[in-house]
Amino acid sequence: MSVVASEKPARRFPGMPLAAQISILWLVVCLSLIIIVPFLPGVSETKVNLLTRLKPPVGFGGTWAHFLGTDDLGRDIFLRLVASLRTSLALALGATIISAFIGTTLGILAAHFRGWVDQLIVAAVDAQASVPFIIVSLTLTAFFGNNIFLFIFILGMFGWERFARLSRAMTLASRGRGYVLAMNTLGFPWPRIYLRHVLPNIASTLLVTATINFPEVILLETSLSFLGLGIQPPMSSLGNMLGFGRSYLLTGWWIAVVPGITIFLCTLTVSIIGDWARNVIGRA
Amino acid sequence: MLLLTRLLRAVVSLWVIVTLVFVALRATGDPILAIFNPDDTTQAALDAYREQWGYTGTILQQYFTYVNNVFHGAFGISNMSNRDALSVVLERLPATLQLVGCSAVVMIVVGVPVGALAAIDNGGRLDRTIMSLSTVGFALPNFVLGLALILLLSVNLRLLPSNGYGSWQNLIMPVLTIGLAKAAIFTRFVRSAVLDALRLSCVTSARARGLGEFQIFLHHVIPNAMLPLVTITPLLVGSMIAAGSVVESVFGWPGVGRLIVDSVAQRDLAVLQVIIMMVAFLMIATNLIVDLAYAKLDPRTALAHNN
């Protein structure tokens, strides 16, 4: 068996399932649209045209001029969708980075100092984990929500406890390892040991955690925006697009259905990629 | 001793959450000015409202007054209805409990057999289909599923009312929305619990003794698989309250979840604080009870602590 295996060129991601390949393709398409569409000549997702209002998508009596249809003000749904997708993905990415940064830093600090620092951070983790975050964030967005930076920060407070728990446990484990002990004995400063040696060793696990966190942040942001509390007009996110479309279920179902399907596909594809990444790391 | 530490940590968690929310809500500016327009309200009126709702003095003073009042059973006055905030929340509780209770039944009735089937067919086609459906269910946002149900059952088929409260027809769609979403997660837990139980040596020995598969499942697999599920079920039921804030808004269900959204829109701080305190208390108490129940149900954990 080993002879057969060695004849094959070593593949980096052996047996990547079809579902994961399709998921990556979908995300690549989304990213390209976000980047390319704003540079196309003559497009505007905010252009109002009351003569073409509530036009259905192609296949339901619509024309290719607006292939996903138009909304109640005659704005093109496809262009609005791309703009909303950009907002939602950028928010989710920013929030996941904030949450990973806060969580990992606190986790490493807790593992380094132990004692009362550790106790304090663990108590904060417990507190964070004990209440469904959407309820806290609902309360806070009402008062911060109109400011986009504070909104990203609130979203970034979601899920940090997961990063903190993991990085704390893994840092504690690595402190007993030979290479950390050796570097410490040689007199390297702790920040350097953590940044250059411990962090790269735990990075893959943290990355998988980020793929679990990312779809949940998309769900959180779209839920808040859907309820009318997150992203406010004139900006649009997938959630508030759906929230407004909800009033047109009888006359223009596509206004709600198009962003709804998009949110679903985004969370689904990132989850599938996350599952696959977890399996690959679990096997390694 | 262990119980005491756990209890202490639970109380600290509760206190941290309540304090953080209290400070965050007041650090964002004068709540009175968020409600009233200072241009067409007299200063005297503003001061009177400040006095009534407890917004006088520094944040620290307000905080001590608030904590003192809470310990005396006074949770503040609701801005919206000018009534006791606690009773405003409590009168919404039955609707939410009804929703959560029915959803929990759907979650268990769907999740347990489907998850057990997946575990028995471990790696087979049925297992893979069920797991794919579970991933789909997990990725499907509550409000998308809810609106899809409204489009299908209310708009197209005209079978059920799209919103409202009171009859069993109103209950179906919100319960399906929450119940199925949580069932998608619960199925995974059931599957892995049953898989773990199937690998136990008592199952192997029962099979060697010649017991039928059904007998083995009934007497050895189910009791062992129950243990991890006892821990996760209350947590999932707790997260249904959170899901309720979105689903209750979609279906116009007059529960606590919708009260949160309404209170946020009206800047009703007293009601929000009561809700957060209540949810945090419920979740923390549940966690504590689950841990204690676990020790009772599984003699091994109790033994490990005594040694």
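Residues numbered from 1 in each chain as written. Chains lettered and ligands numbered in written order. Predicted model: local features only at pLDDT ≥ 70, side-chain atom pairs only at ≥ 80, totals over all residues. Heavy atoms only, no water.

### As for the overall build of chain B
Right, so step 1: Each helix and strand in chain B was counted, giving 14 helices and 0 strands.
Right, so step 2: The order of α-helices and β-strands along chain B, N terminus first, is α-α-α-α-α-α-α-α-α-α-α-α-α-α.
Right, so step 3: The principal-axis extent of the C-alpha atoms belonging to chain B is close to 85 × 60 × 30 Å.
Right, so step 4: Put simply, chain B has 307 residues, and 44% of those count as buried.
Right, so step 5: Partitioning the contacts of chain B with sequence separation of at least 6, the portion at a separation of at least 24 is 72%.
Right, so step 6: Accessible area of chain B: about 15400 Å², with a carbon and sulfur share of 67%.
Right, so step 7: Side chains of chain B carry 19 positive and 16 negative charges; the gap between the two charge centres is 14 Å. (Helix = DSSP H or I, 4+ residues; strand = E, 2+ residues; numbered from the N terminus. Buried < 20%, exposed > 50% of the residue type's maximum accessible area, 1.4 Å probe, protein only. Contact = heavy atoms within 4.5 Å. Areas by Shrake-Rupley, 256 points an atom, 1.4 Å probe, with all protein chains shown as cover. Lys, Arg positive; Asp, Glu negative; His and termini not counted. Charge placed at Lys NZ, Arg CZ, Asp CG, Glu CD.)

### Some points on the overall build of chain A
Right, so step 1: What chain A contains, in helices and strands, is 11 helices and 0 strands.
Right, so step 2: When the elements of chain A are put in sequence order from the N terminus, they spell out α-α-α-α-α-α-α-α-α-α-α.
Right, so step 3: The C-alpha extent of chain A, read off along each of the three principal axes, is 75 × 60 × 30 Å.
Right, so step 4: Counting the 284 residues in chain A, one finds 48% classified as buried.

### A look at the side chain of B:Ser249
Right, so step 1: Within the fold, B:Ser249 resides in helix H11 (residues 213-251).
Right, so step 2: Residue B:Ser249 is classed as buried on the basis of its relative accessible area, which comes to 12%.
Right, so step 3: Excluding its chain neighbours within four sequence positions, the residues that come into contact with B:Ser249 are A:Leu227, A:Arg246, B:Gly244, B:Arg258 and B:Val261.

### Describing the interface of chain A and chain B
Right, so step 1: At the junction of the two partners, chain A supplies 37 residues and chain B supplies 40 residues.
Right, so step 2: The junction of chain A with chain B conceals about 3500 Å² of combined surface from both sides, 81% of it contributed by carbon and sulfur atoms.
Right, so step 3: One can count 0 salt bridges joining chain A with chain B.
Right, so step 4: Counting the contacts that link chain A with chain B gives 2 residue pairs in polar contact (both at pLDDT 80 or more).
Right, so step 5: Of all the secondary-structure elements, those providing two or more residues to the side of chain A that touches chain B are helix H4 (115-130), helix H5 (133-144), helix H9 (190-226) and helix H11 (254-283) of chain A. (Buried area = accessible area lost by both parts, 1.4 Å probe. Salt bridge = Lys/Arg side-chain N within 4 Å of Asp/Glu carboxyl O. Polar contact = N/O pair within 3.5 Å; in protein donor to acceptor, adjacent residues only side chain to side chain.)

### Looking at the packing of helix H6 (residues 93-120) of chain B against H11(B)
Residues and elements named next belong to chain B.
Right, so step 1: Contact pair H6 / H11: the axes reach a minimum separation of 9 Å and the direction vectors enclose 140°. Here H11 runs oblique to H6, going by the angle between their axes. Crossing of H6 over H11 shows right-handed handedness. Together, Thr 96, Leu 99, Val 100, Ser 103, Ala 104, Met 107, Ile 108, Ala 116 and Ile 120 of H6 and Phe 217, Thr 233, Leu 236, Val 237, Met 240, Ile 241 and Glu 248 of H11 make up the contact between the two elements.
Right, so step 2: Of the residues contributing to the contact of H6 with H11, the split by class is 12 nonpolar, 3 polar and 1 charged. (Axes fitted to C-alpha atoms, helices over the stretch in contact; angles between N-to-C directions. Parallel < 35°, antiparallel > 145°, perpendicular 65-115°, else oblique. Left-handed = near helix turned anticlockwise from the far one by under 90°. Nonpolar A, V, L, I, M, F, W, Y, C, P; charged D, E, K, R; others polar.)

### A short note on the packing of aromatic side chains
Right, so step 1: All told, the structure shown has 7 aromatic pairs over all chains when counted by the stated rule.
Right, so step 2: Ring geometry for B:Tyr63 and B:Phe64: centres 6.0 Å apart, planes at 55°, overall tilted.
Right, so step 3: Overall, B:Phe64 belongs to the exposed group, its relative accessible area being 53%.
Right, so step 4: In this structure, A:Arg175 is placed above the aromatic ring of A:Trp190, and the distance from its NZ or CZ to the ring centre is 4.7 Å. (Phe/Tyr/Trp six-rings, centres within 6.5 Å; stacked < 30°, edge-to-face > 60°. Lys NZ or Arg CZ within 6 Å of the ring centre and 35° of its normal.)

### Comments concerning the confidence of the model for chain A
All names here are of chain A.
Right, so step 1: When the pLDDT values of chain A are averaged, the result is 83; 93% of them are 70 or greater.
Right, so step 2: When pLDDT is averaged over each helix and strand of chain A, the minimum, 44, is found for helix H1 (residues 2-7) and the maximum, 91, for helix H3 (residues 77-113).
Right, so step 3: Here residues 1-10 is a poorly scored stretch, pLDDT under 50, and it has 0 contacts once near neighbours within four places are set aside; other chains count. (pLDDT = per-residue confidence, 0-100.)

### Points about the state of the cysteines
Residues and elements named next belong to chain A.
Right, so step 1: Evaluated as defined, the whole model comprises 0 disulfides over all chains.
Right, so step 2: Between Cys 30, a cysteine without a disulfide, and Cys 266, which holds the nearest cysteine sulfur, the sulfur-to-sulfur distance is 4.5 Å.
Right, so step 3: Taking the relative accessible area as the measure of exposure, Cys 30 reaches 2% and is therefore buried. (Disulfide = S-S within 2.5 Å.)

### Some details on the packing of H3(A) against helix H7 (residues 160-175) of chain A
Residues and elements named next belong to chain A.
Right, so step 1: The geometry of H3 relative to H7 is characterised by a closest axis approach of 7 Å and an angle of 35° between their N-to-C directions. The handedness of the crossing between H3 and H7 comes out as right-handed. Between H3 and H7, the contacting residues are Ser 99, Ala 100, Ile 102, Gly 103, Thr 104, Leu 106, Gly 107, Ile 108, Ala 110, Ala 111 and His 112 on the first element and Trp 160, Phe 163, Ala 164, Ser 167, Arg 168, Thr 171, Leu 172 and Arg 175 on the second.
Right, so step 2: In terms of residue class, the contact of H3 with H7 is made up of 10 nonpolar, 7 polar and 2 charged.

### Observations regarding helix H8 (residues 142-156) of chain B
Residues and elements named next belong to chain B.
Right, so step 1: Given a rise of 1.5 Å per residue, 15 residues ought to cover 21 Å, and the 20 Å separating the end C-alpha atoms of H8 matches this to within 8%.
Right, so step 2: In terms of burial, H8 is largely enclosed, as 12 of its 15 residues are buried.
Right, so step 3: At the C-terminal side of H8, Arg 158 shows a positive phi close to 55°. (Expected span 1.5 Å × (residues − 1).)

### What to know about the pattern of salt bridges
Right, so step 1: Under the counting rule described, the total for this entry stands at 8 salt bridges over all chains.
Right, so step 2: The salt bridge involving B:Arg199 is made with B:Asp196; its shortest N-O contact spans 3.2 Å.
Right, so step 3: Notably, a salt bridge pairs B:Arg207 with B:Glu213, separated by 2.9 Å at the nearest N-O pair.
Right, so step 4: The exposure class assigned to B:Arg207 is partly exposed, which follows from its relative accessible area of 41%.
Right, so step 5: One connected set of salt bridges, linked through shared partners, spans A:Arg114, A:Asp118 and A:Arg168.

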